[in-house]
Structures are given as structure tokens and as C-alpha cells.
Amino acid sequence: MPRTALVTGAGSGIGQTCAELLQSQGYEVIGVDLHGADIDADLRDPASIKAMVDAVEQHHTSIDALVANAGVSTSSPLDLEVNYYGAIDSITALLPLLQRSASPRVAITASAASLQRTDAELVDTLLHGTREEALDYGAKLQQAGKAAGYGNYSASKRAVVTWMRQVAITEAFAGHGIAINAVAPGVVKTPMTEQLLATKEGAEMAFGAMPAPLNGAAEPSAIAAVLAFLVSEANASMTGQVLYVDGGFDCSTPQGRGADIWHDPKHLDA
Ligand SMILES: NC(=O)c1ccc[n+]([C@@H]2O[C@H](COP(=O)([O-])OP(=O)(O)OC[C@H]3O[C@@H](n4cnc5c(N)ncnc54)[C@H](O)[C@@H]3O)[C@@H](O)[C@H]2O)c1
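Residues numbered from 1 in each chain as written. Predicted model: local features only at pLDDT ≥ 70, side-chain atom pairs only at ≥ 80, totals over all residues. Heavy atoms only, no water.

As annotated in an unreviewed UniProt entry, the protein chain carries the name 3-alpha-hydroxysteroid dehydrogenase/carbonyl reductase and comes from Corynebacterium pelargi. Annotation of the protein chain in UniProt includes, under Sequence similarities (unreviewed entry), the sentence "Belongs to the short-chain dehydrogenases/reductases (SDR) family." (UniProt positions renumbered as here; feature names shortened; annotations may be inferred.)

If you want it as C-alpha cells, here you go:
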């Protein structure tokens, strides 16, 4: 039996490349996107997510791999709705189908933006508050200007990886053998970054905020390869991890975490 994979945001960029890669590896792939996919769904809308699950269940009793990849970068509360609520709501709604697989795996496309300075109160509201409170807070950030508005994107990604690490070890995931991990790309050449990277100033801004000394902007295939590994049976024991596929951004200081992520300011020193 081929493994079945559901990929959100499969109509463009990283999701499209990942769907094609999984298909070439023998997966039966169900692509989900706003328009023109195997299943059209708006992941901002819980009713649309429910309709997506119903559509999957018409042909499948289980899914083996879920790539929660759909995302936007708008510096508005839309980032919260798609990147955070869209991801966690669709993963949660698909849990029963994943739990019926013999080797279920979930991979989230997060972002190296999860390491950037962000609005801690917004992250906390996403994780512990109501959706309405978070969206109101995000709207206020947007009104406060471009830099503050970007907090919607970075907070959406910080919150989604924090949620991922919290749920990874729970009964619903680890208890059912579901490995869940995230890939955190740096700057990737996709329609999302096309305009930004088209000008010298835009590219300088992108790499000033997110240096990639290894080889600059990544191809979507570089991210897709890691997502495909994470949802494969070859990923036998890794769960709750965020893999920074970022050309070296995480190692850089002061933007990333630098060389030593184990000591200062952590609690590992005696
Ligand atoms: N491109 C980058 O530099 C970069 C860097 C880090 C992380 N990411 C993340 O990678 C993921 C994929 O982005 P990409 O660069 O391939 O962008 P993209 O714009 O090419 O693709 C995103 C896809 O998500 C879909 N989508 C958006 N809103 C949706 C919704 N409400 N419901 C269903 N589908 C929706 C879009 O229609 C599109 O097909 C995103 O989560 C993004 O945040 C991208």
C-alpha cells in the first residue's frame, strides 16, 4: 500500500515542490489549497477545515503523512489566522485519520522567523488566550506600523513551533506513535518572497535580518527534502524538533541563537 500524504498550501512554492517530491517517492498525495487543488479549503475557517476532513474521509480511512505548510506573510492578523490557527486547527482535525495510520508523521513548515525578536504577549495570547483576543492584538500591532505589524508573522511562527513542542509528547501524538516536527526555513525563493528579492534593497533587507552565509536564498526543493524526510518512515524517533534549514542564520549572532544554544541563558549549567 502506498503511503498517503496530505499537503496544505500545495498549489505554490514549498508546498507544491513537496507534493511533487512525495508523489515521485510513491506517495498518494492529497493537495489542499485555496483554489485548484485536490481539495479546496480555506484553513482560516474551521467549517472549511471540517469540509476538508469530510472530503478526505470519502476516500481514505487514514493518512500517513501530513505536511502543514500553508502560510502567508502579510504583517497583519491574517498571518495569525493562517500560519497559527490554520495549522493547528487542521492538524487537530486530521488527528483521527493520522491515529489510524501504522506510522503517522506530521511536519509543519514554520520559519526561522520563530527565532526573531517578537511580541511575547501576542505569542502568549495565541497559546493561552482566545482567537478573538489574539486577532485584536494583531490588528493593533498592524496599526502601529510596519515593524510592529511584522510581529504578526514572527509571533505566528514562534507560537506554532511552541505548540508543536507542547503537543509532541502528549497522548494524542506520542501516545499514538505520531511524530510531529517542524522545518524552519530562512529565505526561500518562492512567490512569497519574489517581490522582496527582486530589488537590491529588498534582498539586502531580507539578508540583513536573516543572513544565510552558506548559499543565500534556498530553493524550495531544499525545504521540501527535509519535510519529506520528517514525514517518512525513516524518521523513526525524532519528534518535537525544529530543524532550521536557513543557510546558517540560526548560528549567526546577534540575529540567531549563535554557536552555543546549551548554556547562557539556559538552565543546563550546574
Ligand atoms: N518563502 C520563504 O522565504 C519562507 C521562509 C520561511 C517560511 N516560509 C513558510 O513556508 C510556507 C510556504 O510558503 P511559500 O514560500 O511556499 O509561499 P507561497 O505563497 O508560494 O505558498 C503558500 C501557499 O499557501 C496557500 N494558502 C495561503 N492561505 C491559505 C489558506 N487560508 N488556506 C489554504 N491555503 C492557503 C497559498 O494559496 C499558497 O498556495 C509558509 O508557511 C511560509 O510561511 C516561507
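S.K.: It is not clear to me how the overall build of the protein chain should be interpreted in this structure. Could you clarify?
M.R.: Summing up its helical and strand segments, the protein chain has 10 helices and 7 strands in all. Against the compact-globule benchmark of 18 Å for 270 residues, the protein chain has a radius of gyration of 18 Å, which places it among compact chains. With the principal axes as the frame, the protein chain shows a C-alpha extent of 50 × 40 × 40 Å. A fraction of 73% describes how many contacts in the protein chain between residues 6 or more apart in sequence connect residues 24 or more apart. Looking at the protein chain as shown, the accessible area adds up to about 12,800 Å², and 55% of this sits on carbon and sulfur atoms. Counting 16 positive and 30 negative side-chain charges, the protein chain places the centres of these two groups 3 Å from one another. (Helix = DSSP H or I, 4+ residues; strand = E, 2+ residues; numbered from the N terminus. Rg over C-alpha atoms; globule rule 2.2 N^0.38 Å. Contact = heavy atoms within 4.5 Å. Areas by Shrake-Rupley, 256 points an atom, 1.4 Å probe, with all protein chains shown as cover. Lys, Arg positive; Asp, Glu negative; His and termini not counted. Charge placed at Lys NZ, Arg CZ, Asp CG, Glu CD.)

S.K.: Hey, could you run me through the pairing of strand 2 (residues 28-33) in this one?
M.R.: Every other side chain in a regular strand lies on the same face of the sheet, so the side chains alternate between the two faces. Among the 6 residues in strand 2, 5 count as buried, and that is most of the element. Alignment of strand 1 (residues 4-8) against strand 2, held across 5 bridges, turns out to be parallel. The residue of strand 2 that forms the bridge with Ala-5 is Val-29. In this region the chain leaves strand 1, passes through helix 1 (residues 13-24) and returns to the parallel neighbour strand 2; the handedness of that crossover is right-handed. In this sheet, strand 3 (residues 39-40) lies alongside strand 2 in parallel orientation, the contact comprising 2 bridges. Looking at the pairing, Val-32 lines up with Ile-39 of strand 3. (Buried < 20%, exposed > 50% of the residue type's maximum accessible area, 1.4 Å probe, protein only. Pairing = 2+ DSSP bridges. Right-handed = clockwise from strand over helix to strand, strands pointing away.)

S.K.: Looking at this structure, how should I read the pattern of salt bridges?
M.R.: Between side chains of opposite charge, a pair can form when the charged atoms approach closely. If you walk through the whole model with that rule in mind, you get 8 salt bridges. Among the salt bridges present, the one from Arg-44 reaches Asp-42, with a minimum N-O distance of 2.7 Å. Beyond isolated ion pairs, a larger network of salt bridges with shared partners links Glu-81, Asp-89 and Arg-131. (Salt bridge = Lys/Arg side-chain N within 4 Å of Asp/Glu carboxyl O.)

S.K.: Can you walk me through the site of the ligand in this structure?
M.R.: Taken together, 29 residues lie near the ligand, and Ser-12, Asp-33, Tyr-153, Val-188 and Thr-190 sit nearest. Between the ligand and the protein, one listed contact pairs an oxygen atom with a side-chain N or O atom of Ser-12 at 2.5 Å. Here Asp-33 contributes a side-chain N or O atom positioned 2.5 Å from an oxygen atom of the ligand. Contributions of two or more residues to the shell around the ligand are made by helix 1 and helix 7 (151-168). Residues that form the shell around the ligand fall into these classes: 14 nonpolar, 11 polar and 4 charged. (Near = heavy atom within 4 Å. Polar contact = N/O pair within 3.5 Å; in protein donor to acceptor, adjacent residues only side chain to side chain. Nonpolar A, V, L, I, M, F, W, Y, C, P; charged D, E, K, R; others polar.)

S.K.: What am I meant to see in the pairing of strand 1 here?
M.R.: By the criterion of burial, strand 1 is predominantly enclosed, with 5 of the 5 residues buried. Where strand 1 lies against strand 4 (residues 65-68), 3 bridges are found, and the strand directions are parallel. Paired with Leu-6 across the two strands is Leu-66, which belongs to strand 4.

S.K.: I tried to follow helix 3 (residues 78-99) on my own but got confused; where do I start?
M.R.: For helix 3, built from 22 residues, the straight-helix expectation of 32 Å at 1.5 Å per residue is met to within 8% by its first-to-last C-alpha distance of 30 Å. Of all the bends in helix 3, the greatest, near 40 degrees, is centred on Ala-93, and the proline Pro-96 appears no more than four residues after it. Most of helix 3 sits out of view: 16 of its 22 residues are buried. (Expected span 1.5 Å × (residues − 1). Bend = angle between axes of the 7 residues up to and from the residue.)

S.K.: How should the nonpolar core be read in this particular structure?
M.R.: For soluble globular proteins, nonpolar side chains are generally found buried alongside one another. Within the largest apolar cluster, 55 residues are counted, with the highest numbers of intra-cluster contacts made by Met-52, Ile-91, Ile-108, Leu-126, Trp-163 and Ile-180. The element contributing the most residues to this core is helix 3, with 10 residues. Those residues in contact with Trp-163 that sit more than four places away from it in its chain are Tyr-84, Ile-88, Ile-91, Thr-92, Ile-108, Leu-127, Phe-173 and Ile-180. (Core = buried A, V, L, I, M, F, W, Y, C linked by side-chain atoms within 4.5 Å.)

S.K.: Would you mind going over the packing of helix 1 against helix 10 (residues 220-230) with me for this structure?
M.R.: Packed helices, taken two at a time, are described by the angle their axes make and the gap between the axes. Across the interface, helix 1 lies against helix 10 with an axial gap of 8 Å and an inter-helix angle of 55 degrees. Regarding the angle of helix 1 to helix 10, the classification is oblique. Handedness of the crossing formed by helix 1 with helix 10: right-handed. Residues Gly-13, Ile-14, Thr-17, Cys-18, Leu-21 and Leu-22 of helix 1 lie in contact with helix 10, whose contacting residues are Pro-220, Ser-221, Ile-223, Ala-224, Ala-225, Leu-227 and Ala-228. Residue composition of the contact of helix 1 with helix 10, by class: 10 nonpolar, 3 polar and no charged. (Axes fitted to C-alpha atoms, helices over the stretch in contact; angles between N-to-C directions. Parallel < 35°, antiparallel > 145°, perpendicular 65-115°, else oblique. Left-handed = near helix turned anticlockwise from the far one by under 90°.)

S.K.: Which parts of the structure should I look at to understand the environment of Tyr-85?
M.R.: The residue Tyr-85 is located in helix 3 in this model. When its relative accessible area of 7% is taken as the criterion, Tyr-85 is described as buried. In the structure, Tyr-85 is positioned 71 residues away from Ser-156 in sequence and 8.6 Å away in space, judged by C-alpha atoms. What Tyr-85 contacts, discounting residues up to four positions off in sequence, is Leu-80, Ser-90, Leu-126, Thr-130, Arg-131 and Ala-134.

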